[in-house]
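The residues making up each chain are set out below.
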There are 2 protein chains.
Amino acid sequence: MTAARVRSGGRPTLEEVAARAGVGRGTASRVINGSPRVSAHTREAVEAAVAELGYVPNRAARALAGNRTDAIALVVPESESRFFAEPYFSDIVRGVGAALADTEMQLLLTLVGSDRERRRLAQYLTAHRVDGVLLVSVHADDPLPDLLEQLGMPAVMNGRRSADESLSSVDSDNFEGARSAVEHLASRGRRSIATITGRLDVYASQSRLDGYRQAVQDAGLEPDERLIAPADFSEEGGARAMRDLLARRPDVDAVFAASDVMAAGARQVLREAGRRIPDDVALIGFDDSAVARHMDPALTSVRQPIEEMGRTMTRVLLDMISGESADRAQIVLPTELVVRDSS
Amino acid sequence: MTAARVRSGGRPTLEEVAARAGVGRGTASRVINGSPRVSAHTREAVEAAVAELGYVPNRAARALAGNRTDAIALVVPESESRFFAEPYFSDIVRGVGAALADTEMQLLLTLVGSDRERRRLAQYLTAHRVDGVLLVSVHADDPLPDLLEQLGMPAVMNGRRSADESLSSVDSDNFEGARSAVEHLASRGRRSIATITGRLDVYASQSRLDGYRQAVQDAGLEPDERLIAPADFSEEGGARAMRDLLARRPDVDAVFAASDVMAAGARQVLREAGRRIPDDVALIGFDDSAVARHMDPALTSVRQPIEEMGRTMTRVLLDMISGESADRAQIVLPTELVVRDSS
DNA sequence: GCGTAGAGTGGGAGCGCTCCCATACGGTGG
DNA sequence: CCACCGTATGGGAGCGCTCCCACTCTACGC
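Please read these numbers as outputs of a predicted model, since none were measured by experiment. (Residues numbered from 1 in each chain as written. Chains lettered and ligands numbered in written order. Predicted model: local features only at pLDDT ≥ 70, side-chain atom pairs only at ≥ 80, totals over all residues. Heavy atoms only, no water.)

### Some remarks on the overall build of chain A
Here is step 1 of the chain: When its secondary structure is counted, chain A shows 15 helices and 12 strands.
Here is step 2 of the chain: The C-alpha radius of gyration of chain A comes to 26 Å, more than 25% above the 20 Å expected for a compact globule of 343 residues.
Here is step 3 of the chain: By its C-alpha atoms, chain A is 85 × 35 × 35 Å across when sized along the principal axes.
Here is step 4 of the chain: When each of the 343 residues of chain A is scored for burial, the buried share is 57%.
Here is step 5 of the chain: Taking as baseline every contact in chain A between residues at least 6 positions apart, the subset at least 24 positions apart corresponds to 70%. (Helix = DSSP H or I, 4+ residues; strand = E, 2+ residues; numbered from the N terminus. Rg over C-alpha atoms; globule rule 2.2 N^0.38 Å. Buried < 20%, exposed > 50% of the residue type's maximum accessible area, 1.4 Å probe, protein only. Contact = heavy atoms within 4.5 Å.)

Quick look at the structure:
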């Protein structure tokens, strides 16, 4: 029970650690922050004091003095219910968490729904409450990315707003994912391959559609705009699109849906129309979610490396924050076609 | 240097706001924190200055001076993959986010996997980096709740470790959910009703099993331990349990599984055994997840108000932090049986 | 011998806020 | 008229840290 330890019940401070180690506050700070300009002997003494007192640095004081927060924000648009659907959200979070595991960084989860919250978020960032921002599910007309760029706040988005995204981004290869799915359908002898797209104001949807078109062309099939049905990522939208397709091209023998949920909607309609899957119509989804695995028949789907996207985004962001890489990164991760019974 | 260092000449401070409003720092602080001891005239002047300068308080300084952080942590055991499965995680987060929406509180997401991270977490809390903690998916032998209690850190858990939980908790009515499911089966004339349980070291599993037993008794059916098959919440576990049940009691005509995922495993086995659902065997799950909605036939399931649990936990925690309610709360929210085609 | 460089160190000066004591001032009662 | 009180206000004293300047001591060169 040294005098220093008695200090009114609170946690030990750097000052106390320094006193116990018989060094100055500055030196203790150097040891704790891994500065090389400390003698081995001193270092040991401080480390011993830290261990004995159970010292943990006070974050607030550090943030105030050092003008940094050691925290990054994961900004999630709550309105985007698709993002919350399995497996996206949890996998991204997992990846982010994994990349953060052996850093001192904290993860702030920020749900933005209303415009009011969006404005508040801008304040957060303006007030410099975080060192960097991870953005997911950003729409083309979202003002946030530009705001961040303006503020000079390090930021990485999941997905892109367009082909020439100005912010750093980590995306999956939507084009190739779609292309490979359609190629797979063609290779199994399907001739009238349709696609159900997501909202086309989302760049990923556009890319998937482009991939579809490419594969159709590569397979020497005849392109037909009647085989392209736009939807909105919802189950009901997928069902509606499938109905349209059946009406316009009753000879359709394969469908590539840009999400598993839309595929589920399409499946329902196909069932009701008496078309067997995959005998009459083959079906492929996108996301490789639980829905795909549990569908009957099990749905062939394009898997995105979501957790890895989360990990990669985080790593890129940490590099930006530490100043190791100032330029923006544009990373595209490969997808994988998981073939099941529906194709 | 780093883009993150965008200050110094940047954000206005409280001092500047005070100067502009022609008042002292103390007074400006009072206005910003809503103290009543300020004249209306002064208040207006300060508020005008805040608006003009776009002042946002510096969190770190506040935390340091006020010895609080205005942040709560959501602690998620990463190992518990079940928690990450849809819809649990996203719904809890949604609820927490909603309850936090019009507070100044930040949400820190903390994934704890390894023991190493668990120890680090204890340090976090010890260093008082958050004002309170939300715990989800806690196991009976988890040291964290006790640690929190010892530290006097406000904490609320999702679920309970036992019937007489010492921490504040918010749970769903597992007993009644299970009971109503089994009652429903009995009311449809099922006589040999089996159950597939979750891991019995989880209190929720125990409660669901108790609910099953109660309903069996209430319906005047003959209890039979051979109708009770323990599993582990996994699909494979559900399948294995179903196989056991079929072997032990081939006459089984209904199964209540303590999770949708286990029900999916059971369904697969029933199919392979040539049992029709629901004609030969009725099936009910628990969670009302996407798996249930998309199963074929669509799965009857017990819905838990997950988002509301998240909201309630957060509200209870905020009350504890503000000191409004010092005693622990034990809240149990009702479940709902969602009847679909499988029963 | 002297100067000089550099490594190692101590501690002052804040960071921007909250807390709280001191002060100013107008009323009130005797 | 004075003592007294309550309300509104100003500003000092930290909170625990990082940054950085100044200082001490060597070791080395000439």
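There is more to say, and it comes next.
### Overview of the side chain of Ser207(B)
Here is step 1 of the chain: Secondary-structure assignment places Ser207(B) in helix H10 (residues 203–218).
Here is step 2 of the chain: When sequence neighbours within four positions are dropped, the list of residues in contact with Ser207(B) reads Asn174(B) and Phe175(B).

### Here's the deal with the protein's contact with DNA strand D
Here is step 1 of the chain: As a matter of local geometry, DNA strand D sits amid 27 residues, with Leu14(A), Arg25(A), Tyr55(A), Gly24(B) and Thr42(B) nearest to it.
Here is step 2 of the chain: Backbone sugar and phosphate groups make up 61% of those atoms of DNA strand D lying within 4 Å of the protein.
Here is step 3 of the chain: In this structure, a base nitrogen belonging to DNA strand D sits 3.2 Å away from a side-chain N or O atom of Arg30(A).
Here is step 4 of the chain: Counting residues per element, the ones that place at least two in the surface near DNA strand D are helix H3 (25–32) and helix H5 (59–66) of chain A together with helix H2 (25–32) and helix H4 (59–66) of chain B.
Here is step 5 of the chain: A breakdown of the residues in the surface near DNA strand D according to their chemical character gives 9 nonpolar, 11 polar and 7 charged. (Near = heavy atom within 4 Å. Polar contact = N/O pair within 3.5 Å; in protein donor to acceptor, adjacent residues only side chain to side chain. Nonpolar A, V, L, I, M, F, W, Y, C, P; charged D, E, K, R; others polar.)

### A closer look at the domain arrangement of chain A
Residue and element names in this part refer to chain A.
Here is step 1 of the chain: Domain annotation for chain A reports domain 1 (3–57), domain 2 (71–172 + 307–333) and domain 3 (174–303).
Here is step 2 of the chain: Distance from the C-alpha centre of domain 2 to the C-alpha centre of domain 3: 30 Å.
Here is step 3 of the chain: Between domain 2 and domain 3, the residue contacts involve 11 residues of the former and 11 residues of the latter.
Here is step 4 of the chain: Both sides of the domain 2 and domain 3 interface together cover about 930 Å² of buried area, and 47% of this is carbon and sulfur.
Here is step 5 of the chain: Linking domain 2 with domain 3 are 0 salt bridges, by the criterion used here.
Here is step 6 of the chain: At the junction of domain 2 and domain 3, the tally comes to 1 residue pair in polar contact (both at pLDDT 80 or more).
Here is step 7 of the chain: By residue class, the composition of the side of domain 2 that touches domain 3 is 3 nonpolar, 3 polar and 5 charged. (Domains from an automatic or database assignment. Buried area = accessible area lost by both parts, 1.4 Å probe. Salt bridge = Lys/Arg side-chain N within 4 Å of Asp/Glu carboxyl O.)

### A few points about the interface of chain A and chain B
Here is step 1 of the chain: If you look at the interface, chain A gives 54 residues, while chain B gives 51 residues.
Here is step 2 of the chain: Both faces combined, the contact of chain A with chain B buries some 4500 Å², and carbon together with sulfur accounts for 58% of it.
Here is step 3 of the chain: Seen at the junction of chain A and chain B, the total is 5 salt bridges.
Here is step 4 of the chain: Arg271(B) is paired through a salt bridge with Asp296(A); the nearest N and O atoms lie 3.3 Å apart.
Here is step 5 of the chain: Across the chain A-chain B interface, the total number found is 6 residue pairs in polar contact (both at pLDDT 80 or more).

### Let's talk about the environment of Val46(B)
All names here are of chain B.
Here is step 1 of the chain: Inspection of the secondary structure puts valine 46 in helix H3 (residues 40–53).
Here is step 2 of the chain: Residue class for valine 46 comes out buried when judged on its relative accessible area of 0%.
Here is step 3 of the chain: Here the alpha-carbon distance between valine 46 and arginine 30, two residues 16 residues apart in the chain, equals 9.7 Å.
Here is step 4 of the chain: Not counting residues up to four positions away in its chain, the partners in contact with valine 46 are Val17, Ala21, Val23, Ala28 and Val31.

### Concerning the sheet that holds strand E12 (residues 336–338) of chain B
Residue and element names in this part refer to chain B.
Here is step 1 of the chain: An order of E7-E6-E8-E9-E10-E12 is seen for the 6 strands of this open sheet, with the pairing classed as mixed. Of all the strands in the sheet, just strand E7 (228–230) and E12 have a single pairing partner and so form its edges. Geometrically, the sheet is characterised by an average inter-axis angle of 20° between neighbouring strands, direction not taken into account.
Here is step 2 of the chain: Strand contacts of H10: strand E6 (193–197), E7, strand E8 (254–257) and strand E9 (282–286), with the helix running at about 175° to E6, the strand carrying the most contacts. (Pairing = 2+ DSSP bridges. Axes fitted to C-alpha atoms, helices over the stretch in contact; angles between N-to-C directions.)

### Remarks on the pattern of salt bridges
Here is step 1 of the chain: With the rule as written, the count across this model stands at 41 salt bridges over all chains.
Here is step 2 of the chain: Here Asp70(A) makes a salt bridge to Arg68(A), at a shortest N to O gap of 3.2 Å.
Here is step 3 of the chain: The residue Glu336(A) makes a salt bridge to Arg303(A) at a minimum N-O spacing of 3.4 Å. Remark: Arg303(A) occurs in strand E10 (residues 300–303) and Glu336(A) occurs in strand E12 (residues 336–338); sequence separation between them is 33 residues.
Here is step 4 of the chain: Taking the relative accessible area as the measure of exposure, Arg303(A) reaches 34% and is therefore partly exposed.
Here is step 5 of the chain: Taken together, the shared-partner salt bridges in this structure form one network comprising Arg267(A), Arg271(A), Asp296(A), Arg267(B), Arg271(B) and Asp296(B).

### Remarks on the relation of the copies chain A and chain B
Here is step 1 of the chain: Expressed as a screw transformation, the operator carrying chain A onto chain B has a rotation angle of 180° and an axial translation of 0.1 Å, and the superposed copies differ by an RMSD of 0.1 Å. In the structure described here, the two chain copies are related by an operation that fits a two-fold rotation axis.
Here is step 2 of the chain: The share of interface residues of chain A whose copies in chain B are also at the interface is 81%, consistent with both copies meeting through the same surface. (Least-squares fit on C-alpha atoms with pLDDT ≥ 70 in both.)

### Focus on the pairing of strand E1 (residues 71–77) of chain A
Residues and elements named next belong to chain A.
Here is step 1 of the chain: The buried count for E1 comes to 7 of 7 residues, which makes it a mostly enclosed element.
Here is step 2 of the chain: Covered by surrounding structure in E1 are Ala71, Ala73, Val75 and Pro77 together with Ile72, Leu74 and Val76, the residues of both alternating faces.
Here is step 3 of the chain: Where E1 and strand E2 (residues 106–112) come together, 7 bridges link them in parallel fashion. From the neighbouring strand, leucine 74 faces E2, where its bridge partner is leucine 109.
Here is step 4 of the chain: Direction of pairing for E1 relative to strand E3 (residues 132–136): parallel, over a ladder of 4 bridges. Across the sheet, residue alanine 73 finds its bridge partner in E3, namely valine 133.

### Structural notes on the packing of H5(A) against H4(B)
Here is step 1 of the chain: Two elements in contact, H5(A) and H4(B), have axes whose closest approach is 8 Å; the angle formed by their N-to-C orientations is 135°. Compared by their axis directions, H5(A) and H4(B) come out oblique. As for the relative orientation of H5(A) and H4(B), their crossing is left-handed in sense. In this structure, H5(A) contributes Ala60(A), Ala61(A), Ala63(A) and Leu64(A) to the contact, and H4(B) contributes Ala60(B), Ala61(B), Ala63(B) and Leu64(B).
Here is step 2 of the chain: Grouping the amino acids of the contact of H5(A) with H4(B) by side-chain chemistry returns 8 nonpolar, no polar and no charged. (Parallel < 35°, antiparallel > 145°, perpendicular 65-115°, else oblique. Left-handed = near helix turned anticlockwise from the far one by under 90°.)

### A few points about helix H12 (residues 235–248) of chain A
All names here are of chain A.
Here is step 1 of the chain: Look at H12: 20 Å from first C-alpha to last across 14 residues, which is about the 20 Å you get at 1.5 Å a residue.
Here is step 2 of the chain: What H12 keeps buried is the set Gly237, Gly238, Ala239, Ala241, Met242, Leu245 and Leu246.
Here is step 3 of the chain: Against strand E6 (193–197), strand E7 (228–230), strand E8 (254–257) and helix H13 (260–272) lie the buried residues of H12. (Expected span 1.5 Å × (residues − 1).)

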